Amino acid sequence: MGVWENKVFSVKIQVQKLMKENNLSCIALHILAVVVVCNTNVWCTVTVYPTPDNLPVSYLSSDYQVWVNDVSVPVYSSYRFDGDSTTTLWGRPVSPVSFCSFDSDQKVTVKIKLGADLKNAGIDTGKITVRPLRERIEPTLTNDTFVFTIDKQPCQLTVEAGAGLKRPLHIFINPIETDIPTASSPSVLYFGPGYHIVDTLTIRSDSTVYLAGGAVIEAKYIANKPVAGNLYGKPWTGGINVFNANNTSNATIRGRGIITCRHALENGQRSSAITCDYADNLTIEGVIITISGWAGLHIRQCEKVTIDNVKMITPWVNGDALALDTTTASTVKNCFAHCADDGFEIKVRGGKPVEDVVFSRCTIWSDLGAGFGLIAESEADSRNITFRDCTVLHSTDNISSSPVIGLKIASGSGNARDYTFENIVVEETLGDKRPILKVINNWPEWHLDVPTESNNPYAILNAVPRTPTPGLIENITFRNINVLKAANTDIVVMADSIDSPIRDIMFNDVIINGNKIMANDERITLLSKISS
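Residues numbered from 1 in each chain as written. Predicted model: local features only at pLDDT ≥ 70, side-chain atom pairs only at ≥ 80, totals over all residues. Heavy atoms only, no water.

All right, on to the sheet that holds strand β11 (residues 108-114) then. Within the open sheet, the 5 strands sit side by side as β7-β6-β11-β14-β13. Their pairing is antiparallel. Because the sheet does not close on itself, it has two edges, and the strands there are β7 (71-73) and β13 (140-142). In this sheet, adjacent strand axes meet at a mean angle of 30° when their direction is disregarded. Across 6 bridges, β11 lies against strand β14 (residues 145-150) in antiparallel orientation. Bridge assignment links K113 to a residue of β14, and that residue is T145. (Pairing = 2+ DSSP bridges. Helix = DSSP H or I, 4+ residues; strand = E, 2+ residues; numbered from the N terminus. Axes fitted to C-alpha atoms, helices over the stretch in contact; angles between N-to-C directions.)

Rendered as structure tokens:
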């Protein structure tokens, strides 16, 4: 046993094992990490975080075993919304999802072994697909173990056993953390490795909440609360907000820990991981949010928000991924979502205009609702919104009217101008009723299942004038969009009336199922109240 000074973290760590072989040394750290010296001059660091000793066994997954550079990585369990499943989460049909996380700063070797439960479920365990496909990962199979290398941080990969949608594994590869606070750091609320059940924690301005890797923060279940509603034939109650960042300035929530509301939801109580209203200069970085009772993150009436490398798995009702709601001058980057309602979205409510927002390098698996765009509420003007360098892994929904990518003004008279969608790959959409690209203000209903005109499935039959009149939409650009596999290849641009025009919509290098969109393309459905 020796003591090694970790120059990355500037802390002393007890060394459990030191192996030297030629110019390669491997140090297995007793608490957190495995650090590999690639040669005498270059350090390759991999950090694997421990599983809390008192974590409920059901929170861990037996579907997959994962190693990075031959070090075992804990694999956790979650759910996805799955309308075909007989398994339920407080009434809602769901099926298993697994996820794991580690940090690195160089190319690493990942090994994956599929569990017997997958084979017993009828899944072909002899092949896997690794997404996003742009990473061009082609695993090799040796002795029931799949092996591949990856040199990218942050990076979120999805492994699909049997090359299908059932029981996937999400792998979250983070950059190495820097400037890590300690429990004694001033203005820091620190959660070390372990399973922490908490009531609402109020965040102060100019402070940091730090969730160390290996920390699982669980929303406390509050008994005897009044019934707030009924879904799937089961009553639900309102829960807590684990972290309350309302009315703060310069607050930060960061780390590699996990926030979950699982136990509360399993008992019919809907809690939220983080609530944030009326804040400015808020930063959320690195954490994982799984099984919230509502959205992963719903940021309301804020300014100058930065959300980076946050991963969200939200399988229940209203399980949006990340909504910037009436929030301006903000950035969302390097984030991942597997969600059961609209994904990375803009909403505009409360009469406050929204502008200057960028979503970049985000990845989504959407089982219900939209992928990227302005979705539903537009009560004030919005402009200069960009979605770039993003990926839709799957969009499995065939019942909602939301676009996979685009704008849908369902309520409000706010105008939407200067939206750009660029460098986006849609790998697969399964809904034969749902076009990938939509720019509409004519459809106030959430569902697609409403009567439509006989010659146009995208116009509601006998639509009545709406009050207030929907806002106009103009100067919308779709540039370098590649849809690899789509059940519905239509593009829909539909205005509500001459008082709510849609104009100046540009499709530049848009490819659907290998075919580029051309001028006067028959796949584009337009309403006559549009100029384009």
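We are not done yet, so read on.
For the structure on display, the rule yields 14 aromatic pairs. One aromatic cluster is present, formed by F344, F359, F372, F387, F421, F478 and F507 through successive ring pairs. Looking at R270, its charged tip hangs above the ring of W236, at a distance of 4.7 Å from the centre. (Phe/Tyr/Trp six-rings, centres within 6.5 Å; stacked < 30°, edge-to-face > 60°. Lys NZ or Arg CZ within 6 Å of the ring centre and 35° of its normal.)

Moving on to the layout of surface pockets. For the largest pocket, the calculated volume is near 590 Å³. Contributing to the lining of the largest pocket are 33 residues, with W294, H298, N318, D320 and D341 lying nearest its centre. If you list the elements that add at least two residues to the lining of the largest pocket, you get β26 (269-277), β29 (297-300), β38 (372-378) and β40 (405-411). (1 Å grid on protein atoms, 1.4 Å probe; cavity = no way out; pocket = protein on both sides within 12 Å on 5 of 7 lines; lining within 4 Å. Points joined across faces, edges and corners; volume = space filled by probe spheres on them.)

Moving on, we come to the pairing of strand β16 (residues 169-175). On a regular strand, one side chain projects to one face of the sheet and the next to the other, so that they alternate. For β16, the tally of buried residues reaches 6 of 7 residues, placing the bulk of the element in the interior. Here 7 bridges tie strand β10 (residues 92-104) to β16, and the two strands are oriented parallel to one another. The residue bridging S101 from the neighbouring strand is F172, located in β16. As judged from the 5 bridges shared by strand β15 (residues 155-161) and β16, these two strands associate in the antiparallel manner. When the sheet's bridge partners are listed, Q156 is paired in β16 with F172. (Buried < 20%, exposed > 50% of the residue type's maximum accessible area, 1.4 Å probe, protein only.)

With 91% of its residues at a pLDDT of 70 or more, the protein chain shows a mean pLDDT of 91. In the predicted structure, residues 1-42 sits below a pLDDT of 50 and forms 86 contacts with residues beyond four places in sequence or in another chain. Counting contacts from residues 528-532, a segment whose pLDDT is below 50, to residues more than four positions away or on other chains yields 15 contacts. (pLDDT = per-residue confidence, 0-100. Contact = heavy atoms within 4.5 Å.)

What follows deals with empty space enclosed by the protein. Rolled over the atoms, a probe as big as a water molecule pinpoints where empty space is left. Evaluated as defined, the whole model comprises 3 cavities of 30 Å³ or more. In terms of lining, the largest cavity is formed by 14 residues, of which the most central are Y49, Y76, S101, G214 and I258. At the level of secondary structure, the elements contributing two or more residues to the lining of the largest cavity comprise β10 and β21 (215-219). It is β10 that contributes the most residues to the lining of the largest cavity, 3 residues altogether. For the lining of the largest cavity, the class distribution of residues is 10 nonpolar, 3 polar and 1 charged. For the second largest cavity, the calculated volume is near 80 Å³. Elements with a minimum of two residues in the lining of the second largest cavity: β8 (76-81) and β25 (258-260). Grouping the amino acids of the lining of the second largest cavity by side-chain chemistry returns 7 nonpolar, 3 polar and 1 charged. (Nonpolar A, V, L, I, M, F, W, Y, C, P; charged D, E, K, R; others polar.)

The next thing to look at is the environment of G296. Mapped onto the elements of the fold, G296 is located in the loop between β28 (288-290) and β29. For G296 and A340, which are 44 residues apart along the polypeptide, the C-alpha to C-alpha distance reads 10 Å.

Right, let's get into the environment of Q156. Its location among the elements puts Q156 in strand β15. Each C-alpha atom of the pair Q156 and K234 lies 35 Å from the other, and the pair is 78 residues apart in sequence. Not counting the four nearest positions on each side in its chain, Q156 is found in contact with R131, P132, I171, F172, N309, K311, N334, C335, F336 and T363. Within the structure, the side chain of Q156 is placed 3.4 Å from the side chain of N309, a separation counted as a polar contact. In terms of polar contacts, Q156 uses its side chain to reach the backbone carbonyl oxygen of N334, at 3.0 Å. (Polar contact = N/O pair within 3.5 Å; in protein donor to acceptor, adjacent residues only side chain to side chain.)

Counting residues in hydrophobic clusters, the biggest one holds 80 residues, and the most contacted among them are F243, I307 and F344. If you look at the next biggest cluster of nonpolar residues, it comprises 29 residues, including V66, C100, V130 and V159. (Core = buried A, V, L, I, M, F, W, Y, C linked by side-chain atoms within 4.5 Å.)

Counted by the stated rule, this structure contains 0 disulfides. Considering cysteine sulfurs only, C362 is the nearest to C339, which forms no disulfide, with 12 Å between them. Look at C339 and you get buried, because its relative accessible area is 1%. (Disulfide = S-S within 2.5 Å.)

Only one face of strand β6 (residues 64-68) is covered, namely the one carrying Y64, V66 and V68; the face carrying Q65 and W67 has none of its residues buried. Summarising the sheet, β6 and β11 pair through 5 bridges and their orientation is antiparallel. Residue pairing across strands places Q65 opposite K113, the latter belonging to β11. The pairing of β6 with β7 spans 3 bridges and is antiparallel. Its bridge partner lying in β7, W67 is registered against S72. Between the end of β6 and the start of β7, which pair antiparallel, lie 2 residues, with N69 showing a positive phi angle near 45°.

Scanning the entire structure with this criterion turns up 30 salt bridges. For the salt bridge of D82 with K166, the shortest nitrogen-to-oxygen distance reads 2.7 Å. Of the two residues, D82 sits in the loop between β8 and β9 (88-89) while K166 sits in the loop between β15 and β16, which places them 84 residues apart along the sequence. The partly exposed category is assigned to K166, whose relative accessible area is 37%. Across the salt bridge formed by K516 and D509, the nearest N and O atoms sit 2.8 Å from each other. Look at the salt bridges and you will find they share partners, linking D325, E345, K347, R349 and E377 into a network. (Salt bridge = Lys/Arg side-chain N within 4 Å of Asp/Glu carboxyl O.)

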